[in-house]
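# Secondary and tertiary structure notes
So you can see what is in the structure, the chains are spelled out below.
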Amino acid sequence: MEHKSTVTLLGTRGSMPCSGKEYLRYGGRTSCILVQLAGETLLLDGGSGMAFLKPKSVPSRRLTLLLTHAHVDHLLGLPMCPLLTEKDMILDLYAATRDGRSGEQQVRALMQPPLWPVGPEALPAAIRFHELPASLDIGAVHVDTMPGVHPGGVTVYRVSGAGKSVVLATDCTFTEDLLPILREFAKDCDLLLCDGQYSEEEWASRSSFGHNTWFAAAKLGQDCGAKQVRIIHHAPDRTDDELDAAANVVSARCPNCRFGYDEEVILL
Ligand SMILES: [Zn+2]
Ligand SMILES: [Zn+2]
């Protein structure tokens, strides 16, 4: 049976959600990506975009969530995900142990009083926590991982199936040591989703924050041979007009590189 391979950007904002008339086109929801590949449905990150996941977009009763890391902009939508109000739904959540805390402990740090009224067990759906291995198979989808560079750690993902592959490199600074490994990891992918939160001017004062510039993201896309590139994790105060202006400059240099926006559906 042939399946359509699509990626839906449910949240493309970084650091914190934003709203207002200056953010309508790119949207204000934080990191969450729906990948539909080889008959499987996966979510990468559970930022506030996950709270807007439409139940009809998940045909099965099983969903996989791969966390890059548990910073709140990547986890905020999990407690409010509409699919988790369905009692026959199973969510398999994979996250790396960080600083001696398992993925379950990281999620529970948010989902307990005083930050949240109830724990994961209060949701009608079943959440099954798993330690993230170096690679894993979910049905016909293969997932590879590599560690990125970010305060507290981060996982970079490559998700492959049906002859297509998607790489998510968010919240990851491209150090000299990391770049060659990352280029090889993302080599010839169909879609690279890459953090490009900052302009070159901003970079001087923010290079230790664990992110990237949009030109660094676009260059990685070119160097690894990605067929399509979307820059994500937009700064929360970056307006639509500012993102359009940046996108014009970047796409003049790298024609297959665009700035992602909330609810964008990308055909692989
Ligand atoms: Zn982030
Ligand atoms: Zn982060």
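Computed from a predicted model, the values in this text were never measured in an experiment. (Residues numbered from 1 in each chain as written. Chains lettered and ligands numbered in written order. Predicted model: local features only at pLDDT ≥ 70, side-chain atom pairs only at ≥ 80, totals over all residues. Heavy atoms only, no water.)

## Observations regarding the overall build of the protein
Basically, it comes down to this: For the purposes of this entry, the term helix denotes a DSSP run of H or I that reaches at least four residues, the term strand denotes a run of E that reaches at least two, and both are numbered from the N terminus. Radius of gyration: C-alpha atoms only; globule rule: 2.2 Å multiplied by the number of residues to the exponent 0.38. Accessibility here uses a 1.4 Å probe with only protein chains present; expressed as a share of the type maximum, an area under 20% marks a residue as buried, one over 50% as exposed, and anything in between as partly exposed. Residues count as neighbours in contact if any of their non-hydrogen atoms are within 4.5 Å of one another. Reported accessibility uses the Shrake-Rupley method at a 1.4 Å probe radius. Residues are deemed covered only where the shown protein chains occlude them.
A count of helices and strands for the protein gives 5 helices and 14 strands. Its C-alpha radius of gyration of 17 Å places the protein within 12% of the 18 Å reference for a compact globule of 268 residues. When each of the 268 residues of the protein is scored for burial, the buried share is 56%. Expressed as a percentage of contacts within the protein between residues at least 6 apart in sequence, the contacts between residues at least 24 apart total 67%. Within the structure as shown, the protein displays about 11,500 Å² of accessible surface, and the carbon and sulfur contribution to it stands at 55%.

## Looking at the coordination of the zinc ion (ligand 2)
Around a metal, the perfect tetrahedron of four donors has angles of 109.5 degrees, and the perfect octahedron of six donors has angles of 90 or 180 degrees. As a reminder of what qualifies: The donor definition counts N, O and S atoms within 2.8 Å of each metal and applies 3.2 Å to Na, K and Ca; water is not among these atoms, so some sites may look incomplete. All geometry calls rest on donor angles, where a four-donor set with angles between 85 and 135 degrees is tetrahedral, four- and six-donor sets with opposite donors more than 155 degrees apart and all others between 65 and 115 are square planar and octahedral, and all else is irregular.
Protein coordination at the zinc ion (ligand 2): the donors are H69 (NE2), H71 (ND1), H150 (NE2) and D171 (OD), at 2.1 to 2.5 Å from the metal. Between the 4 donor atoms coordinating the zinc ion (ligand 2), the angles at the centre fall across 91 to 171°, so the site counts as irregular. Taken in chain order, the donor set of the zinc ion (ligand 2) reads H-x1-H-x78-H-x20-D. Separating the zinc ion (ligand 2) from the zinc ion (ligand 1) is a distance of 3.6 Å, and D171 supplies a donor atom to each of them. One end of the pair, H69, is in the loop between β4 (62-66) and β5 (90-95); the other, H150, is in the loop between β8 (141-147) and β9 (155-161), with 81 residues separating them in the sequence.

## What about the pairing of strand β1 (residues 6-11)?
Our working rule: Note on pairing: two strands pair once DSSP finds at least 2 bridges between them.
Counted residue by residue, β1 has 6 buried out of 6 residues, so it is predominantly covered. Pairing of β1 with strand β14 (residues 264-267) involves 4 bridges; the strand directions are antiparallel. Its bridge partner lying in β14, V7 is registered against I266. By the bridge criterion, 5 bridges tie β1 to strand β2 (residues 32-37) in an arrangement that is antiparallel. In the strand pairing of β2, T6 is matched with Q36.

## Here's the deal with the coordination of the zinc ion (ligand 1)
Coordination of the zinc ion (ligand 1) by the protein is provided by D73 (OD), H74 (NE2), D171 (OD) and H233 (NE2), with metal-donor distances spanning 2.1 to 2.2 Å. Coordination at the zinc ion (ligand 1) comes from 4 donor atoms whose angles at the metal span 94 to 164°, giving a geometry best classed as irregular. In this structure H233 comes out as buried when scored by relative accessible area, which is 2%.

## Here we look at the pairing of strand β11 (residues 191-195)
Applied cut-off: The crossover handedness rule: strands pointing away from the viewer, path from first strand over the helix to second strand clockwise, crossover right-handed.
The element β11 is largely enclosed, with a buried count of 5 among its 5 residues. Of the two faces of β11, the one lined by L191, L193 and D195 and the one lined by L192 and C194 are each fully buried. Here strand β10 (residues 164-169) pairs with β11 via 4 bridges, running parallel. Residue V166 lies in a different strand from β11, and its bridge partner there is L191. In the classification by handedness, the crossover that spans β10, the intervening helix α2 (residues 178-185) and the parallel β11 is right-handed. Bridge count for β11 against strand β12 (residues 228-232) is 5 bridges, and the pairing is parallel.

## Topic: the pattern of salt bridges
For clarity, the cut-off: Salt bridge, as applied in this entry: a Lys or Arg side-chain nitrogen positioned within 4 Å of an Asp or Glu carboxyl oxygen.
Following the criterion strictly, the structure yields 15 salt bridges and no others. Here D92 makes a salt bridge to R128, at a shortest N to O gap of 2.8 Å. Linking D92 in strand β5 with R128 in strand β6 (residues 126-131), this pair joins segments that are 36 residues apart in sequence. R128 gets classed as partly exposed once you look at its relative accessible area, which sits at 39%. As a salt-bridge pair, R108 and E121 come within 2.9 Å of each other at their nearest N and O atoms. With R108 in helix α1 (residues 103-110) and E121 in the loop between α1 and β6, this residue pair connects regions lying 13 residues apart in the sequence. By relative accessible area, which is 29% here, R108 ends up partly exposed.

## Looking at the environment of W203
With respect to the helices, strands and loops of the structure, W203 is situated in helix α3 (residues 200-206). The residues contacting W203, other than those within four sequence positions of it, are T173, Y198, H211, N212 and T213.

## Thoughts on the sheet that holds strand β13 (residues 257-259)
Selection rule: Only the contacting stretch of a helix is used when fitting its axis, a line to C-alpha atoms as for every element, and angles between N-to-C directions run 0 to 180 degrees.
Spatial strand order, β7-β8-β9-β10-β11-β12-β13: 7 strands in an open sheet with mixed pairing. Each of the sheet's edge strands pairs with one partner strand only, and the pair in question is β7 (135-138) and β13. Adjacent strand axes in the sheet meet at a mean angle of 20° when their direction is disregarded. Bridge count for β7 against β8 is 4 bridges, and the pairing is antiparallel. Across the sheet, the residue bridging to L136 is V143, located in β8. On top of the sheet, α2 reaches β8, β9 and β10; it is set at about 175° to β8, its chief contact. Across the face of the sheet, helix α5 (residues 240-253) comes into contact with β12 and β13 while running at roughly 175° to β13.

Functional significance is not addressed by these values, which are geometric in nature.
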